Amino acid sequence: ACAFCCQDIFYCVFWLFHNLIPPPTVRSRAELEHEALIDGNLATEANLIILDTLEIVVQTVSLTESKESILGGVLKTLLHSMACNQSALYLQHCFATQRALVSKFPELLFEEETEQCADLCLRLLRHCSSSIGTIRSHASASLYLLMRQNFEIGNNFARVKMQVTMSLSSLVGTSQNFNEEFLRRSLKTILTYAEEDLELRETTFPDQVQDLVFNLHMILSDTVKMKEHQEDPEMLIDLMYRIAKGYQTSPDLRLTWLQNMAGKHSERSNHAESAQCLVHSAALVAEYLSMLEDRKYLPVGCVTFQNISSNVLEESAVSDDVVSPDEEGICSGKYFTEAGLVGLLEQAAASFSM
């Protein structure tokens, strides 16, 4: 019924555009601006109606046995809408719905839809760098409550901490259209929330938030260096390599930066170099996957790939300060799975072919 309702909304919008809006003629600037305003209001109204429909779906299925799959679909819809160009009015309501959903069903995000947890962190960080103050404040509140709810489950928010750090690394390494200064302001807001949260003042939560914010500021400092070399791609790749090397003992972050490097090489049609970065990514995943899953048909680690490149031995997890993949939040991304390993190898093979 909800699907039909959403379809009806889109059909109405389609009919309005094709029947109520006159064919294009020569119009003044004022008329064009007025038409753009009407189109924007119509898009916002349609999105708000869909948001109301999703709220009804959540209320209806919350008491049913099959709620997990339906709520997962609701979360996917919210994440998709956050990724689109939306009005500030819609985003404020969307963030409120997202906060309510995570608050009512925390296990949905932290236990069942873990990949969507990573997507949500990335979406929220993007909006934390918005030039519009109201969007930044709502995104900061959502990100802080995400940390808080994860902490309340087990006195630690390692999963969200790792996902946020990886998301920022990905954002820094691949996106050119986010504002570093606005993002720093949002991080300061999150730190203020933690310091003034009376309920958790006597716990380790404020210190953990402070450590996370410090690490995020360090990643943003790398951004400044990267911006200085945007016009020098070889120097940029060299800098990304050094940043990846700095995360040698943090497999999730190293993997993120290896993939950032692969993406940059691919943009310049350096397919062989991109493939080498992907082989390193696969070797890294194989190294930690062998610790997580004892399956004879899986590679025993990075040594399996040394015939492709002897450099993959850099991914060996043998030093004393290497983290254990059994720790909460470590190696929990989608690539540290059998399917993730196969996917990286397929990408590498495709790049080598090109």
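Residues numbered from 1 in each chain as written. Predicted model: local features only at pLDDT ≥ 70, side-chain atom pairs only at ≥ 80, totals over all residues. Heavy atoms only, no water.

*Asks:* Before we go on, may I ask you to explain the nonpolar core in this structure?
*Replies:* Most often, soluble globular proteins keep nonpolar side chains buried together rather than apart. Ranked by size, the top nonpolar core spans 93 residues in total, and within it L101, L143, L146, M147, V160 and V209 carry the most contacts. No other element matches helix α13 (residues 271-292), which puts ten residues into this core. Setting aside chain neighbours within four positions, we find M147 in contact with F157, V160, I190, F205, V209 and L212. (Core = buried A, V, L, I, M, F, W, Y, C linked by side-chain atoms within 4.5 Å. Buried < 20%, exposed > 50% of the residue type's maximum accessible area, 1.4 Å probe, protein only. Helix = DSSP H or I, 4+ residues; strand = E, 2+ residues; numbered from the N terminus. Contact = heavy atoms within 4.5 Å.)

*Asks:* What exactly am I supposed to notice about the side chain of S142 here?
*Replies:* Mapped onto the fold, S142 is located in helix α7 (residues 133-154). S142 sits in the buried class, given a relative accessible area of 1%. When residues no more than four places from it in sequence are discounted, the contact partners of S142 are F95, Q98, R99 and L124.

*Asks:* Explanation requested: the packing of helix α8 (residues 158-174) against helix α10 (residues 205-228) in the structure shown.
*Replies:* Two quantities define a packed helix pair, namely the angle between the helix axes and the distance between the axes. At a minimum axis distance of 10 Å, the contact between α8 and α10 shows a crossing angle of 10°. Accordingly, the angle class assigned to the pair α8 and α10 is roughly parallel. Note on element contacts: α10 touches α8 through Q208, L212, L216, I219, L220, T223 and M226, opposite K161, V164, T165, L168, S169, V172 and G173. Across the contact of α8 with α10, the residue classes break down as eight nonpolar, five polar and one charged. (Axes fitted to C-alpha atoms, helices over the stretch in contact; angles between N-to-C directions. Parallel < 35°, antiparallel > 145°, perpendicular 65-115°, else oblique. Nonpolar A, V, L, I, M, F, W, Y, C, P; charged D, E, K, R; others polar.)

*Asks:* Explain helix α4 (residues 88-104) here, please?
*Replies:* Count 3.6 residues to each turn of an α-helix, and residues three or four apart come out pointing the same way. With 17 residues, α4 should reach 24 Å at 1.5 Å per residue; the first-to-last C-alpha distance of 25 Å fits that figure. For α4, the complete set of buried residues consists of Y90, L91, C94, F95, T97, Q98, R99, L101 and V102. (Expected span 1.5 Å × (residues − 1).)

*Asks:* Whenever I open this one, empty space enclosed by the protein confuses me. Can you help?
*Replies:* The gaps left among the atoms become clear once a water-sized probe is rolled over them. Applying the stated criterion across every chain, the model contains two cavities of 30 Å³ or more. Within this model, the largest cavity holds a volume of roughly 60 Å³. Forming the boundary of the largest cavity are E55, V58, V74, T97, A100, L101 and K104. The set of elements that each furnish at least two residues to the lining of the largest cavity consists of α2 (29-61) and α4. Counting residues per element, the lining of the largest cavity draws most heavily on α4, at four residues. Considered class by class, the residues forming the lining of the largest cavity number four nonpolar, one polar and two charged. (1 Å grid on protein atoms, 1.4 Å probe; cavity = no way out; pocket = protein on both sides within 12 Å on 5 of 7 lines; lining within 4 Å. Points joined across faces, edges and corners; volume = space filled by probe spheres on them.)

*Asks:* Just checking my understanding: could you explain the side chain of Q86 for this structure?
*Replies:* Secondary-structure assignment places Q86 in the loop between α3 (67-83) and α4. Here S81 takes part through its backbone oxygen, which lies 3.1 Å from a polar atom of the side chain of Q86. Discounting chain neighbours no more than four positions away, the residues touching Q86 are N47, S81 and L91. (Polar contact = N/O pair within 3.5 Å; in protein donor to acceptor, adjacent residues only side chain to side chain.)

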